Amino acid sequence: MRARLTKDFRFEAAHTLPSLPEDHKCRRMHGHSFKVEISIEGEVDETIGWVYDHKRITEAMRPLLELMDHGYLNDIEGLESPTIERMAGWFWKKLAPQLPGLAEIVIYETPTARCSFRGEF
């Protein structure tokens, strides 16, 4: 049996999007309450009954969230222009080596705006 499990994380951060036109409001510093969904897919271990231990996902995310929460995202290496698309790729590169079965990362910058990424660079 195959299944996909998803764990949610939240953090607050500020950023600017310097690659946008001068008159675009998102070029100015602003902040978001970000939500990140990390999805792992795989075979359910019949002995224990799950695909993955959620604790492994939390442990992999902890240092990244500590770096980002209440910070200025542009100061993080690799996020000099931190769109949610670039952030999804950044998370993928950091998490994939630690989380076999990583299937999807979804980042919400508002309750109605999000990016989903499945590791295709």
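Procedures and definitions
- Residues numbered from 1 in each chain as written.
- Predicted model: local features only at pLDDT ≥ 70, side-chain atom pairs only at ≥ 80, totals over all residues.
- Heavy atoms only, no water.
- Pairing = 2+ DSSP bridges.
- Helix = DSSP H or I, 4+ residues; strand = E, 2+ residues; numbered from the N terminus.
- Contact = heavy atoms within 4.5 Å.
- Axes fitted to C-alpha atoms, helices over the stretch in contact; angles between N-to-C directions.
- Buried < 20%, exposed > 50% of the residue type's maximum accessible area, 1.4 Å probe, protein only.
- Expected span 1.5 Å × (residues − 1).
- Bend = angle between axes of the 7 residues up to and from the residue.
- Polar contact = N/O pair within 3.5 Å; in protein donor to acceptor, adjacent residues only side chain to side chain.

Caption draft 1: Structural context of the sheet that holds strand β2 (residues 30–43). The strand order across the open sheet built from five strands is β3-β1-β2-β4-β5, with neighbouring strands paired in mixed fashion. Of all the strands in the sheet, just β3 (71–72) and β5 (113–117) have a single pairing partner and so form its edges. Pairing of β2 with strand β4 (residues 102–110) involves six bridges; the strand directions are antiparallel. In the strand pairing of β4, Ile-40 is matched with Leu-102. Against the sheet, helix α1 (residues 54–68) makes contact with β1 (2–15), β2 and β3, and its axis sits at roughly 15 degrees relative to β1, the strand it touches most. The sheet strands contacting helix α2 (residues 84–95) are β1, β2, β4 and β5, and the helix crosses β4 at an angle near 145 degrees.

Caption draft 2: Looking closely at the pairing of β2. Across the 14 residues of β2, 10 count as buried, placing the element largely inside the fold. Pairing analysis gives 14 bridges linking β1 to β2, with the strands arranged antiparallel. Following the sheet pairing, Asp-8 is matched in β2 by Glu-37.

Caption draft 3: Seen up close, the pairing of β4. Along β4, seven of the nine residues are buried, which leaves the element largely enclosed by surrounding structure. Of the strand pairs in this sheet, β4 and β5 are connected by five bridges, and their pairing is antiparallel. Residue pairing in the sheet places Thr-110 in a bridge with Ala-113 of β5. Hairpin geometry of β4 and β5 is characterised by an intervening segment of two residues between the two adjacent antiparallel strands.

Caption draft 4: The arrangement of α1 in detail. Between its first and last C-alpha atoms α1 spans 21 Å; for 15 residues at 1.5 Å apiece the expected length is 21 Å, and the two agree. Taking the largest bend as the criterion, α1 deviates by roughly 35 degrees, centred on Arg-62, and proline Pro-63 comes between one and four positions later. Along α1, the positions that sit buried rather than exposed are Ile-57, Ala-60, Met-61, Leu-64, Leu-65 and Met-68. For α1, the N-terminal cap is Asp-53; the gap from its side-chain oxygen to the backbone nitrogen of Lys-55 is 2.9 Å.

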